[in-house]
Amino acid sequence: MASSLAASSVFELARSQQTGSCQAFDNIFRVQAGQAACQVNSDLSKRFGLAEQNIQTVVSVTNKVSLQQTWFNAVRKNKPQTFKAMDQQSHDATAAGKNCDFCAWEHSTADDHFGRVESQHAVTASNLFKYCEPCHGLVLFKHHDPLAFSQQQLGELLDVSDTWVQRAGHAHPHAHHPFFLWNCLHRAGASQYHGHAQVMLSSVPFPAELQAQQAAAAYQQAYPGRALHEDILTAHKHVGLLRQSGHDSSRSCIYANVSPAKDMELVVTGQKLACKTFQSMMFAALRALIDHLGVATFNAAILGIRPPYSQSHPQSPPFPGVQARIASRGNLSSKASDYGGLEVFGGASIGHTDPFDVIAAVDQQLAAFPPNK
Ligand SMILES: [Zn+2]
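Residues numbered from 1 in each chain as written. Predicted model: local features only at pLDDT ≥ 70, side-chain atom pairs only at ≥ 80, totals over all residues. Heavy atoms only, no water.

Visitor: Describe the overall build of the chain, and please don't skip the residues or the numbers.
Guide: Scanning the chain from N- to C-terminus turns up eleven helices and twelve strands. For the chain, the C-alpha radius of gyration of 21 Å lies close to 21 Å, the compact-globule estimate for 373 residues. With the principal axes as the frame, the chain shows a C-alpha extent of 60 × 55 × 40 Å. Buried positions account for 50% of the 373 residues belonging to the chain. For the chain, restricting intrachain contacts to residue pairs at least 6 apart in sequence, the fraction spanning at least 24 positions comes to 68%. Carbon together with sulfur atoms contributes 53% to the accessible area of the chain, which is approximately 17,700 Å² in total. Taking the average location of the 28 positive side-chain charges in the chain and that of its 28 negative ones, the two points are 2 Å from each other. (Helix = DSSP H or I, 4+ residues; strand = E, 2+ residues; numbered from the N terminus. Rg over C-alpha atoms; globule rule 2.2 N^0.38 Å. Buried < 20%, exposed > 50% of the residue type's maximum accessible area, 1.4 Å probe, protein only. Contact = heavy atoms within 4.5 Å. Areas by Shrake-Rupley, 256 points an atom, 1.4 Å probe, with all protein chains shown as cover. Lys, Arg positive; Asp, Glu negative; His and termini not counted. Charge placed at Lys NZ, Arg CZ, Asp CG, Glu CD.)

Shown next as C-alpha cells:
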C-alpha cells in the first residue's frame, strides 16, 4: 500500500495536491479549490468581520464514481441564521420587512464585482457566504413577503437571473455551469424570510447536470432513436399528468412528476429563463402549489441555463432549453423534518400527495390565469 497522507483539512488537501501519490484517491475523487469575490461595504465589513475587497476560498470535493459532491468554505461559519426560534417565522411575517437585510438591500447586501442587475421588482446581490466558485449571487424580490408575488414580479426575478448569468459568464469565460435555486422559508433551507433565490456559476459541473447527461446517453443507447427528455414528457402526457402552452421553440410544459423527488413535485420545461411562456408556466406551477394546495415552503431549481460561452463546452446538454423542478417541503409548523435517512442515504422519497391531485391544482390555476403563449 502507498504511504498515507494526513492532511488537517480539506483546504490543505486542495492546496497540497499531494493526492497524486494515491491512485485509488485519484480514481475516485476530484478536489478543486477556487476563489469567489465580492465587494462589501464598510458597515457589512465590520458587522461580519469580512474584508471589503472580499475573496473567499471554496473547495469542492466530487466523488467521480457516485457523483456525490460537497462544497466547503470556512467563512460560512460566520453566516447569520435569522430563524433562531420557531416563533421567528411569525415575527418575520408580521414585521413587514422591519430590520430585514434584504428589504434594505442597497446597504445590507454585497455587490458582485461586475455590479448588480436591477429591474423594477427584482435586484441581484453577491452572496456574502459563498459555497460555489467563481460566482455565487442572490436574486431578491424588492418586496418582503416570499409567498406574495405576481407574474410580473416572478418574471423579473427570472429576467435578472438570466442577465446575472450572462454577466458572470462574460467575467469568467472558463466557468460553464450555471444553477438557479430558490429555498422558500426555513424548512426549505432559507436563512432569511424575505423572498429570494440564488444564482451560481460554477467551474465544476453540478451532479444533477452530470446525472441528467449520463441518463440521457444511457437511454439513447438502450433505445436507439429515442430521446429521454421527450419520452418523459410523452409518458406524463399519456397518463394525463402534463399540460402544455405555446408551440415549437416557445413551447413550455408542466407535469406533475409521477415519481416525485419530494412531495408535490412539478417540473416546468421551457426555452430559456427569459422566455415569457416559460415564466408564465413557472408562475402557474408555483401559484398552484401555494394557492390551491396550501404549500408555504418549497425548493425550486432550474437546470439547463446556458452561460454565454457554453458553445465551447464539450459536453452536450441532456435536454433542449431549461427545466425547473419545484417541490413542497411539508408543513411549515411541523417540528419533524421531512428529510430523513430514506432521503439522505436511501435515495428514495415518501409521496404524500397523489400526482393527479397536484395536476388538478395546476388545472385550477391555469383556468383562473391562462398562461402567455
Ligand atoms: Zn424583507
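Visitor: I'd like to hear about the coordination of the zinc ion, residue by residue, with values.
Guide: Around a metal, the ideal angle is 109.5 degrees if four donors adopt a tetrahedral arrangement and 90 or 180 degrees if six donors adopt an octahedral arrangement. Within the protein, the atoms that donate to the zinc ion are Cys100 (SG), Cys103 (SG), His144 (ND1) and His194 (ND1), at distances of 2.1 to 2.4 Å. Around the zinc ion sit four donor atoms; with metal-centred angles ranging over 104 to 118 degrees, the donor geometry is tetrahedral. Every donor residue of the zinc ion comes from the same chain, spaced as C-x2-C-x40-H-x49-H. Placement of the pair is Cys100 in the loop between helix H4 (88-94) and helix H5 (105-108) and His144 in the loop between strand S5 (134-141) and helix H6 (151-171), with a sequence separation of 44 residues. For the residue pair Cys100 and His144, the accessibility class agrees, reading buried in each case. (Donors = N, O, S within 2.8 Å, 3.2 Å for Na, K, Ca; no water. Tetrahedral: all angles 85-135°; square planar, octahedral: opposite > 155°, others 65-115°.)

Visitor: Would you mind going over the sheet that holds strand S2 (residues 53-63) in detail, with residue names and values included?
Guide: Read across the open sheet, the three strands follow the order S1-S2-S3; overall the sheet is antiparallel. For this open sheet the edge positions go to strand S1 (29-39) and strand S3 (69-72), each flanked by a neighbour on one side alone. Direction aside, the axes of adjacent strands within the sheet are offset by 20 degrees on average. The pairing of S2 with S3 spans four bridges and is antiparallel. (Pairing = 2+ DSSP bridges. Axes fitted to C-alpha atoms, helices over the stretch in contact; angles between N-to-C directions.)

Visitor: Mind laying out the pairing of S3, listing which residues take part and the relevant values?
Guide: Residues Gln69 and Trp71 point to one face of S3 and are all buried, whereas Thr70 and Phe72, pointing to the other face, are not buried. Connecting the antiparallel pair S2 and S3 is a turn made up of five residues, with Leu67 showing a positive phi of about 75 degrees.

Visitor: Talk me through the nonpolar core; I want residue IDs and the actual numbers.
Guide: Judged by nonpolar contacts, the single largest core of 57 residues is most densely connected at Trp182, Phe278, Phe298 and Ile302. In terms of domain composition, this core takes at least three residues from each of domain 1 (77-202) and domain 2 (207-368). Other than its neighbours up to four places away in sequence, Phe298 contacts Leu147, Trp182, Asn183, Cys184, Ala188, Leu286, Ile290, Ile326, Ala327, Ser328 and Arg329. Listed in part, the twelve residues of the second largest apolar core include Trp71, Met200, Val204 and Phe206. (Core = buried A, V, L, I, M, F, W, Y, C linked by side-chain atoms within 4.5 Å. Domains from an automatic or database assignment.)

Visitor: So, the environment of His170: which residues are in play, and what are the values?
Guide: Among the structural elements, His170 can be located in helix H6. Spatially, the C-alpha atom of His170 lies 43 Å from that of Thr353, the residues being 183 residues apart in sequence.

Visitor: Would you mind going over the side chain of Glu156 in detail, with residue names and values included?
Guide: Relative to the elements of secondary structure, Glu156 occurs in helix H6. In this structure Glu156 is buried but unpaired, with Lys142 as the nearest side chain of opposite charge at 6.8 Å. At 2.7 Å, the side chain of Glu156 forms a polar contact with the side chain of Ser119. (Salt bridge = Lys/Arg side-chain N within 4 Å of Asp/Glu carboxyl O. Polar contact = N/O pair within 3.5 Å; in protein donor to acceptor, adjacent residues only side chain to side chain.)

Visitor: Tell me about the domain arrangement of the chain, and name the residues and values.
Guide: Partitioning the chain into domains gives domain 1 (77-202) and domain 2 (207-368). Using C-alpha coordinates to define each centre, domain 1 is positioned 21 Å away from domain 2. Facing 33 residues of domain 1, the contacting portion of domain 2 comprises 38 residues. Counting the surface lost from both domain 1 and domain 2, the interface buries some 3,100 Å², and carbon and sulfur atoms represent 62% of this. Taken together, the connections running from domain 1 to domain 2 amount to two salt bridges. Note that Asp338 is salt-bridged to Arg187, the shortest N-O span being 4.0 Å. At the boundary of domain 1 and domain 2, one finds 18 residue pairs in polar contact (both at pLDDT 80 or more). (Buried area = accessible area lost by both parts, 1.4 Å probe.)

Visitor: Please give an account of the pattern of salt bridges that cites residues and values.
Guide: Between side chains of opposite charge, a pair can form as their charged atoms come close. Considering all chains together, one arrives at twelve salt bridges under this definition. The residue Lys276 makes a salt bridge to Asp159 at a minimum N-O spacing of 3.1 Å. Of this pair, Lys276 sits in helix H9 (residues 276-292) while Asp159 is found in helix H6, placing the two residues 117 residues apart along the sequence. A salt bridge links Arg251 to Glu230; the nearest nitrogen and oxygen atoms lie 2.9 Å apart. With a gap of 21 residues between them, Arg251 in the loop between strand S8 (242-245) and strand S9 (252-256) and Glu230 in helix H8 (residues 228-238) connect regions that are remote in the sequence. For Arg251, a relative accessible area of 27% translates into the label partly exposed. Via salt bridges that share partners, Arg187, Arg329 and Asp338 belong to a single interconnected network.

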